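Okay, here's what each chain looks like letter by letter:
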Amino acid sequence: MPLNKQLIPNVKFLRKEVMLVMLVLWLGSSVLSLYMGWGSVFPAIGAIALSIGLSIFLTHRYTSQEERRLWDNQKEVQQRMIWRYMQMVRSGRQGSDPLNLEQLAERIEGSFESMIASKSAEAKLETYRYEMVYSVLGTLQWGLGGMLVDWIH
């Protein structure tokens, strides 16, 4: 699991950069094909933009789902550790628990901080603006692009 935690931020960073690069390439190729009067290329670029929007949407949903799953798992672990901690406090002894009270308190605190980081990471995954740009404009370009090129030229 530590390997996944190290890879997730890099993937998120690269995903955002790739989205921005693709947006610039889409805009540039659209303007070029519109200027040149390529009536069949301009709508095709719109179809590509639509597929990029859908891939961003699906990737975002998968990553959000993984962050939520991590949150739920950490929440369950947190509740079990708090229950163990409360049992130790109430009984005044460690019992068969391998951790002492201080170690368990440190684990609870670390788990709580991890939960907060997971929720923060989920909130940072908002890519709706990019999805909307690619999907709406790509669909319009795909469907009505040929008419726009004919109208301009």
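Reference entry: report on the structure contained in this document. (Residues numbered from 1 in each chain as written. Predicted model: local features only at pLDDT ≥ 70, side-chain atom pairs only at ≥ 80, totals over all residues. Heavy atoms only, no water.)

Some words on a negative patch on the surface
Here is step 1: Together, E102, E106, E109 and E113 make up a region of like negative charge exposed at the surface.
Here is step 2: One can find E109 in helix α3 (residues 101–123). (Patch = residues over 30% accessible without salt bridge, like charges linked within 9 Å, V, L, I, M, F, W, Y side chains within 5 Å. Areas by Shrake-Rupley, 256 points an atom, 1.4 Å probe, with all protein chains shown as cover. Salt bridge = Lys/Arg side-chain N within 4 Å of Asp/Glu carboxyl O. Lys, Arg positive; Asp, Glu negative; His and termini not counted. Charge placed at Lys NZ, Arg CZ, Asp CG, Glu CD. Helix = DSSP H or I, 4+ residues; strand = E, 2+ residues; numbered from the N terminus.)

Section: the side chain of S33
Here is step 1: By the secondary structure assignment, S33 is in helix α1 (residues 2–36).
Here is step 2: Within the structure, S33 has its side chain in polar contact with the backbone oxygen of S30 (distance 3.1 Å).
Here is step 3: Those residues within four positions of S33 in sequence are excluded, and the remaining contacts are W38, V41, F42 and I45. (Polar contact = N/O pair within 3.5 Å; in protein donor to acceptor, adjacent residues only side chain to side chain. Contact = heavy atoms within 4.5 Å.)

Considering the nonpolar core
Here is step 1: Within the largest apolar cluster, eight residues are counted, these being M19, L23, W26, I45, A49, I52, I56 and Y134.
Here is step 2: Looking at this core, the elements that each hand over two or more residues are α1 and α2 (41–91).
Here is step 3: It is α2 that provides the largest number of residues to this core, a total of four residues. (Core = buried A, V, L, I, M, F, W, Y, C linked by side-chain atoms within 4.5 Å. Buried < 20%, exposed > 50% of the residue type's maximum accessible area, 1.4 Å probe, protein only.)

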